[in-house]
Amino acid sequence: MILPGFGVESELITCFSRKRPFGYIFIAFASLAIAVIGFLVWGHHMFVAGISSYSALVFSALSMLVAVPSAIKVFNWTATLYKGSISLQTPMLYALGFIGLFTMGGLTGVMLATLGLDIHVHDTNYLWGL
């Protein structure tokens, strides 16, 4: 569900920074890795549903692993912006906001992928916000 948004993000960053994408090959392979790993992490929604400890461990590890290609994309987007002729029009402001929001969501996602923490904060305001 997020992969089309990543494509839009990559296009906006390159267009409004007037530079070629930094590490295009890494961006492309990170997208493939997110697609493959993201297909396998569905079980992290069932940590408190009584799944076995071994399967919870696997889903926890996969949920943390998806952060690696996501971080590669954020790094490459930021590196594309570096020394670019940045035009701060509305689409670029959206793209910059997306980077910040995705980074914050990714950091909390790694925390929630930790099995012990996720069990304790399940159905709390930490997960749902105020």
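So, here's what we can say about the structure. Nothing here was measured: the structure is a model prediction, and the numbers come from that model. (Residues numbered from 1 in each chain as written. Predicted model: local features only at pLDDT ≥ 70, side-chain atom pairs only at ≥ 80, totals over all residues. Heavy atoms only, no water.)

Now for the packing of aromatic side chains. In the structure shown here, the tally under the stated rule is eight aromatic pairs. Ring-pair connections join several aromatic residues into one group, and the members of that group are Phe6, Trp77, Tyr94, Phe98 and Phe102. (Phe/Tyr/Trp six-rings, centres within 6.5 Å; stacked < 30°, edge-to-face > 60°.)

On the surface, Met111, Leu117, Tyr126, Leu127 and Trp128 cluster together to form a nonpolar patch covering roughly 500 Å² of accessible area. Sorting elements by how many residues they give to the nonpolar patch places helix α7 (residues 125-128) first, with three residues. (Patch = residues over 30% accessible without salt bridge, like charges linked within 9 Å, V, L, I, M, F, W, Y side chains within 5 Å. Areas by Shrake-Rupley, 256 points an atom, 1.4 Å probe, with all protein chains shown as cover. Salt bridge = Lys/Arg side-chain N within 4 Å of Asp/Glu carboxyl O. Helix = DSSP H or I, 4+ residues; strand = E, 2+ residues; numbered from the N terminus.)

It is the contact of helix α1 (residues 3-17) with helix α5 (residues 90-113), at a shortest axis distance of 9 Å, that shows an interaxial angle of 130°. The angle between α1 and α5 places the two elements in the oblique class. α1 and α5 meet at a crossing whose hand is left-handed. Note on element contacts: α5 touches α1 through Pro91, Met92, Tyr94, Ala95, Phe98, Ile99 and Phe102, opposite Phe6, Glu9, Leu12, Ile13 and Phe16. Within the contact of α1 with α5, the residues separate by chemical class into 11 nonpolar, no polar and one charged. (Axes fitted to C-alpha atoms, helices over the stretch in contact; angles between N-to-C directions. Parallel < 35°, antiparallel > 145°, perpendicular 65-115°, else oblique. Left-handed = near helix turned anticlockwise from the far one by under 90°. Contact = heavy atoms within 4.5 Å. Nonpolar A, V, L, I, M, F, W, Y, C, P; charged D, E, K, R; others polar.)

In this section: the nonpolar core. Counting 18 residues, the largest nonpolar core has Phe6, Ile13, Trp77, Met92 and Ile99 as its most contacted members. Looking at this core, the elements that each hand over two or more residues are α1, α2 (24-39), α4 (67-81) and α5. For this core, the leading source of residues is α5, giving five residues. The contact partners of Ile13, leaving out residues within four places of it in the chain, are Trp77, Thr80, Leu81, Met92, Ala95 and Ile99. (Core = buried A, V, L, I, M, F, W, Y, C linked by side-chain atoms within 4.5 Å. Buried < 20%, exposed > 50% of the residue type's maximum accessible area, 1.4 Å probe, protein only.)

A word on unusual backbone geometry. Backbone geometry follows two general trends: most residues other than glycine have a negative phi, and most peptide bonds adopt the trans configuration. In this structure, Arg18 takes a positive phi of about 55° despite not being glycine. Note on Arg18: relative accessible area 53%, which makes it exposed. Despite not being glycine, Asp123 has its phi angle at roughly 60°, a positive value. For Asp123, the position within the fold is in the loop between α6 (115-121) and α7.

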